[in-house]
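Examination of the molecular architecture
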Amino acid sequence: MTIVELHPDPAPADYLQAMKLANAVADEKPGEHMLLSWYDKDRDFESPQHASECHMNSAVPGYVDYGLYHGATLKVDIGDGRFVFFYLPVDM
């Protein structure tokens, strides 16, 4: 797993700006990548939705577990966990 941590200044105003930054990182990597799972701390919202409900007693949030067990090879963390994105390489 490649982990990229970003601390942009100014910080992204919202999820959409953060996603654009994360997608730009994924676009720099060789091959195509697909956004697999993500977390927006500002709204306490994740995708896949409700993934963490199955992990109530777990130290690993559902969106992390989903990303790891579905083949993500790139994690982009913006603002120390404020926005987190997992990407899956796409074979064409």
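Residues numbered from 1 in each chain as written. Predicted model: local features only at pLDDT ≥ 70, side-chain atom pairs only at ≥ 80, totals over all residues. Heavy atoms only, no water.

As for the confidence of the model for the protein
The pLDDT averaged across the protein works out to 91; a share of 92% of its residues lies at or above 70. Within the protein, helix α2 (residues 62–69) has the poorest average pLDDT of any element, 91, and strand β4 (residues 74–78) the best, 98. (pLDDT = per-residue confidence, 0-100. Helix = DSSP H or I, 4+ residues; strand = E, 2+ residues; numbered from the N terminus.)

What to know about the pairing of strand β5 (residues 83–90)
Along β5, six of the eight residues are buried, which leaves the element largely enclosed by surrounding structure. In this structure, strand β2 (residues 32–40) lies alongside β5, joined through eight bridges in antiparallel fashion. The residue of β5 that forms the bridge with Trp 38 is Phe 85. In the sheet, β4 pairs with β5 via five bridges, with the strands oriented antiparallel. Paired with Asp 77 across the strands is Val 84, a residue of β5. Connecting the antiparallel pair β4 and β5 is a turn made up of four residues, with Gly 79 showing a positive phi of about 75°. (Buried < 20%, exposed > 50% of the residue type's maximum accessible area, 1.4 Å probe, protein only. Pairing = 2+ DSSP bridges.)

Topic: the side chain of Asp 77
Along the chain, Asp 77 turns up in strand β4. For the buried residue Asp 77, which engages in no salt bridge, the nearest side chain bearing the opposite charge is Lys 75, 4.5 Å off. Separated by 3.4 Å, the side chain of Asp 77 and the backbone nitrogen of Asp 80 make a polar contact. Here Asp 77 is in contact with Val 4, Glu 5, Leu 6, Phe 83 and Val 84, once residues within four sequence places are set aside. (Lys, Arg positive; Asp, Glu negative; His and termini not counted. Salt bridge = Lys/Arg side-chain N within 4 Å of Asp/Glu carboxyl O. Polar contact = N/O pair within 3.5 Å; in protein donor to acceptor, adjacent residues only side chain to side chain. Contact = heavy atoms within 4.5 Å.)

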